Amino acid sequence: MMALTETEPRRRVTRLQAHDELWHQSLSYLKSLALAVALDLRIPDAIHHHGNGATLPQILAETALHPCKLRALRRLMRVLTVSGTFSVVHVQQPPPAGSGSGDDDSTVADAASDDEAAVVYRLTAASRFLVSDEVSSATLAPFVSLALYPIASSQQPVGLCAWFRQEQNDPSPCGLTFQLNM
């Protein structure tokens, strides 16, 4: 009876690990897609330009993206930090001068911008190799771009990069992809 109870948790752990491995394998395309878009937008260069640490608004300005792309850039950076390409440091922001505990007319947008300023994206050991050759002599960016070429030249990243560079949110990245291919 004892052997039965010991093996059941092991089976569950083994099944959970197998399930986890399948999800990692099937979603690895999204990691490569995000990396291809980051290289195209030169996000590693933007972070490096700000002393190896930059906030989303700084990355947005350095990559010359329109401010309406802030939410999408946040999502892209989230994928890249979860995959280990970049790291995140949360910096405490002092409260704005004159802010009291009474009625406050601040908006949700103001709170969101405070949160964005408090998050600093940094280069990791791996992403330091993605800084372009104009800045670093030890770059692997051309090689990584070549390795990602089958993914980067497919419809999704081409449309996504074009969408990031346009000044409005419409059409969507998917819609823009199909417009580019017509």
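Note that this is a predicted model, so its numbers are computed, not measured.

S.K.: Sorry if this is basic, but what is going on with a nonpolar patch on the surface here?
M.R.: Taken together, the side chains of Trp 23, Leu 27, Tyr 29 and Leu 30 present a nonpolar region at the surface, about 390 Å² in accessible area. Residue position: Tyr 29 is located in helix 1 (residues 2–41). What makes Tyr 29 partly exposed here is its relative accessible area of 34%.

S.K.: Help me out: how do you make sense of the nonpolar core in this one?
M.R.: Burial of nonpolar side chains together is a common tendency in soluble globular proteins. In this structure, Ile 43, Ile 47, Ile 59, Leu 73, Leu 76, Met 77 and Phe 164 are the most contacted members of the largest nonpolar core, which totals 27 residues. Looking at this core, the elements with two or more residues in it are helix 1, helix 2 (43–49), helix 3 (56–62), helix 4 (70–82), strand 3 (119–123) and helix 8 (155–165). Looking at this core, the element that brings in the most residues is helix 4, giving six residues. Apart from residues lying up to four places away in sequence, Ile 43 is in contact with Ala 38, Ile 59, Thr 63, Leu 73, Leu 76, Met 77 and Phe 86. Counting residues in each nonpolar core, the second largest holds seven residues, with Leu 35, Leu 130, Ala 141 and Val 144 among its members.

S.K.: What's the story with the sheet that holds strand 3 in this structure? I'm lost.
M.R.: Within a sheet, each strand pairs with its neighbour through backbone hydrogen bonds, oriented either parallel or antiparallel. Strand order in the open sheet made by the three strands is 1-3-2, with antiparallel pairing throughout. The sheet is open, and its two borders are formed by strand 1 (53–54) and strand 2 (86–90), each paired with just one other strand.

What counts and how
- Residues numbered from 1 in each chain as written.
- Predicted model: local features only at pLDDT ≥ 70, side-chain atom pairs only at ≥ 80, totals over all residues.
- Heavy atoms only, no water.
- Patch = residues over 30% accessible without salt bridge, like charges linked within 9 Å, V, L, I, M, F, W, Y side chains within 5 Å.
- Areas by Shrake-Rupley, 256 points an atom, 1.4 Å probe, with all protein chains shown as cover.
- Salt bridge = Lys/Arg side-chain N within 4 Å of Asp/Glu carboxyl O.
- Helix = DSSP H or I, 4+ residues; strand = E, 2+ residues; numbered from the N terminus.
- Buried < 20%, exposed > 50% of the residue type's maximum accessible area, 1.4 Å probe, protein only.
- Core = buried A, V, L, I, M, F, W, Y, C linked by side-chain atoms within 4.5 Å.
- Contact = heavy atoms within 4.5 Å.
- Pairing = 2+ DSSP bridges.

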